[in-house]
Amino acid sequence: SMLPGPNNSIYITSWQDSVRILTDTELKGVEKNPLISSLITSSVYNENYYIGGLYGKGIVITDKDLNVIKHITIESGLKNNIIWSVYTDKNSNIWIATNGGLNCLKSDKLLSLSINDENLISAPFDIIEDDEGFLWFPSSNGIMKMNKSSILNYMENPKDTLKSIVYNERNG
């Protein structure tokens, strides 16, 4: 995973290894919280923070110097501690693709959609958003397309109906 660092440098993490910082002249190790060594995916969050998905250890929110501010795990309500992807939308909601389903951190409230729910057919591996407000999730069963507002409404009130479109081998 890579993140922008200070003074035009780049933070680079290799899975279950370490954090390094690449400058114009050198690549050197950075001593940080041991959680960071499990970083598998990351993104910028609100320009001043990073959100990192950890393999088997949940997610972390860090400052720009990679100091851990918050650590979120299944004990906090995360669907699974194996994180495949994190995505921050334009409303500062943090979407988390886990091995057990989908989470959304909305205003410090952790919402979830389980793969056991008929609306999510398998664990999402990644998350992207299109210009029309749909979230797309590749998975082992195909690519799912769901309306972001509908997902949030369903996560907050599971009695609502949630519709999705699945693209897989059956429909090209």
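The preceding data block contains the structure.
A. Representation of a nonpolar patch on the surface within the structure. Together, Met2, Ile10, Leu22 and Leu27 make up an exposed nonpolar region whose accessible area comes to about 360 Å². Checked against the element boundaries, Leu27 lands in strand β4 (residues 27-30).

B. Representation of the nonpolar core within the structure. Among the nonpolar cores identified, the biggest contains 17 residues, and Trp95, Leu102, Ile127, Phe137, Ile151 and Met155 are the most heavily contacted of them. Ranked by residues supplied to this core, first place goes to helix α1 (residues 148-156) with four residues.

C. View of the sheet that holds strand β16 (residues 164-167). In spatial order, the strands read β13-β14-β15-β16; together these four strands make up an open sheet with antiparallel pairing. Looking along the sheet, the strands with just one partner apiece sit at the ends: β13 (128-129) and β16. Sheet topology places strand β14 (residues 134-139) next to strand β15 (residues 142-147); six bridges connect them, and they run antiparallel. Bridge assignment links Phe134 to a residue of β15, and that residue is Asn147. Contacts from α1 reach β13, β14 and β15, with the element oriented near 80° to β15.

D. Spatial organisation of the pattern of salt bridges. The full count for this structure, using the stated rule, is four salt bridges. Close ionic contact of Glu129 with Lys148 constitutes a salt bridge, the shortest N to O distance being 2.9 Å. With Glu129 in strand β13 and Lys148 in helix α1, this residue pair connects regions lying 19 residues apart in the sequence. Residue Glu129 is classed as buried on the basis of its relative accessible area of 19%. Residue class for Lys148 comes out buried when judged on its relative accessible area of 7%.

Reading the values: rules and limits
Sequence order as written defines residue numbering, which begins from 1 separately in each chain. Thresholds applied to this predicted model are a pLDDT of at least 70 for local features of residues and 80 or more for the giving and counting of side-chain atom pairs; totals over whole chains, interfaces and linings are not thresholded and use all residues. Each side-chain value is worked out from all heavy atoms of the structure, with water and hydrogens disregarded. Residues enter patches when they are more than 30% accessible in relative terms and free of salt bridges; like-charged ones are connected within 9 Å and nonpolar ones (Val, Leu, Ile, Met, Phe, Trp, Tyr) within 5 Å. In short, Shrake-Rupley with a 1.4 Å probe defines the accessible areas, and a residue's cover is counted only from the protein chains shown. Salt bridge, as applied in this entry: a Lys or Arg side-chain nitrogen positioned within 4 Å of an Asp or Glu carboxyl oxygen. What counts as a helix is a DSSP run of H or I of at least four residues, what counts as a strand is a run of E of at least two, and both are numbered from the N terminus. Here the nonpolar core consists of buried residues drawn from Ala, Val, Leu, Ile, Met, Phe, Trp, Tyr and Cys, with membership extended through side-chain atoms lying within 4.5 Å. Note on classification: 1.4 Å probe, protein chains only; a residue is buried when its accessible area is under 20% of the maximum for its type, exposed when over 50%, partly exposed between these limits. Strands qualify as paired when DSSP identifies two bridges or more between them. Note on contacts: a residue pair qualifies if any of its non-hydrogen atoms lie within 4.5 Å across the two residues. Only C-alpha atoms enter the line fits that serve as axes; for helices the fit covers just the stretch in contact. Angles between N-to-C directions range over 0 to 180 degrees.

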